[in-house]
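# Close look at the chain arrangement
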Amino acid sequence: MEKTKVILLGTGFIAHIHMESYQRFVHDTEIVAVYGRNLEKAREFARQYKIPAAYNNIDELLEKEDAEVVDICLPNYLHHEMCLKAAFAMKHVIVEKPLAMTLEQADEMIQVCKSRGRKLMYAEELCFAPKYERVREMVNAGAVGDLYMLKQAEKHDGPHSPWFYNKETSGGGVMMDMGCHALAWFRWMTGKAQAVSVYSDMKTVFHKEITDCDDNTITIVEFDNGVMGIAEDSWAKPGGMDDRIEVYGNKGVSYADLFRGNSALTYSKDGYGYAMEKAGFTQGWTFTIFEEAFNQGYPQELSHFIECVREDKTPAVTGEDGRAVLEMIYAAYISAGTGKKVKLPLENPPKVKYPIELFLGE
């Protein structure tokens, strides 16, 4: 069979992760072009991965290049525009998290993709991470009895690009960047249960000099099936990425650490090269990660999405799932700003330019 042709939008950190996944694991794809806002960076990215074409004009790219899928790995504020352009060009769309900046954008993305008969696939890799998926399989088989509480924590000392700290380009801080993972995973573990309330506490504790966005949050979500989800997310934790889950049922528990069980404990007096995502230096004790992209679920996620396009299947994680996560993010920011629990679904979602307005009171 012919390979599925993909256009990649972006040349940053997550674009490199997607390219590694495509080239090493998703062999029924062909990346035909890359888009970058900086043409020289796009050309360098194309040279590195032997991609035939590089562009910094999305309209020219979509007009000239033949492909079935557009994979959006760009800053949050560009997701909506690029999704619509791709859908109108009759491409299926993969969108990195979070789905969009606002609920209105999310609704339009879903509607346009549906009206054009295109699949909108929400790239939440925790739904595909092998270790976490093994836990979900055990839970679904009854290993811990009836679920009553889920916990997910993701923490490091801050993002790799300046745009994450700018609310106009990111929409918010660590809640938009990492809290979305926990919220999506809670829904995934509960069979996409409906969230009925959200309570969140947010602070800026570490990056006050460069951002007014939240960099440390604790969020509690109640679902209509009685399960409670507790999310801890931080840009204030040094030493590299932490990502952990805890699952509690009336007949058992399960704990999993995404990185430390997949790493070598290393001591180096002088330091060495790459240890793991967000590890700023490698002197002293470090956790040296291996198969980082695979363990986080990126190849499995992209392989599933390409299979959905090739075989016309419904994706396991869709634009509607991304919208549900975004609505919980809205509720978290409202809760942090008011100090009150917020009920879901939101009856009249507030109109905002970016979700963190709901916390900052702008």
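Residues numbered from 1 in each chain as written. Predicted model: local features only at pLDDT ≥ 70, side-chain atom pairs only at ≥ 80, totals over all residues. Heavy atoms only, no water.

### Overview of the sheet that holds strand 3 (residues 53-55)
An order of 3-2-1-4-5-6 is seen for the six strands of this open sheet, with the pairing classed as parallel. Two strands close off the open sheet at either side, each with one partner strand: strand 3 and strand 6 (120-123). Strand-to-strand twist of the sheet, defined as the mean angle between neighbouring strand axes without regard to direction, takes the value 25 degrees. Alignment of strand 1 (residues 4-9) against strand 4 (residues 69-72), held across four bridges, turns out to be parallel. Bridge pairing links Val6 to Val69 in strand 4. Contacts from helix 4 (residues 79-88) reach strand 1, strand 2 (29-35), strand 4, strand 5 (92-96) and strand 6, with the element oriented near 165 degrees to strand 5. (Pairing = 2+ DSSP bridges. Helix = DSSP H or I, 4+ residues; strand = E, 2+ residues; numbered from the N terminus. Axes fitted to C-alpha atoms, helices over the stretch in contact; angles between N-to-C directions. Contact = heavy atoms within 4.5 Å.)

### Focus on the confidence of the model for the chain
Within the chain, residue pLDDT values average 96, and 100% of them lie at 70 or more. Looking over the chain, one finds the lowest element-wise mean pLDDT in strand 13 (residues 263-268), namely 82, and the highest in strand 4, namely 99. (pLDDT = per-residue confidence, 0-100.)

### Some remarks on the pattern of salt bridges
Side chains carrying opposite charge are able to pair once their charged atoms draw close together. Tallied over the full model, the rule gives 27 salt bridges. One salt bridge connects Arg24 with Glu291, and the closest N-O pair in it is separated by 3.0 Å. Residue Arg24 is found in helix 1 (residues 13-25), and its partner Glu291 is found in the loop between strand 14 (284-289) and helix 9 (292-296); the two are separated by 267 residues along the sequence. Glu291 gets classed as partly exposed once you look at its relative accessible area, which sits at 32%. The residue Asp28 makes a salt bridge to Arg310 at a minimum N-O spacing of 3.6 Å. Within this pair, whereas Asp28 is found in the loop between helix 1 and strand 2, its partner Arg310 is found in helix 10 (residues 298-311), the two being separated by 282 residues in sequence. Using a relative accessible area of 30% as the deciding quantity, one classes Asp28 as partly exposed. (Salt bridge = Lys/Arg side-chain N within 4 Å of Asp/Glu carboxyl O. Buried < 20%, exposed > 50% of the residue type's maximum accessible area, 1.4 Å probe, protein only.)

### Topic: the pairing of strand 5
Among the five residues that make up strand 5, five are buried, leaving the element largely enclosed by the rest of the structure. Here strand 5 shows a buried face lined by His92, Ile94 and Glu96 and a second buried face lined by Val93 and Val95. The sheet contact formed by strand 4 and strand 5 spans four bridges and is parallel. Directly across from Asp71, in strand 5, lies its bridge partner Ile94. For the segment spanning strand 4, helix 4 and strand 5, crossover handedness is right-handed. Across four bridges, strand 5 lies against strand 6 in parallel orientation. When the bridges of strand 6 are listed, Val95 appears paired with Tyr122. Following the backbone out of strand 5, through helix 5 (residues 103-115) and into the adjacent parallel strand 6, one traces a crossover that is right-handed. (Right-handed = clockwise from strand over helix to strand, strands pointing away.)

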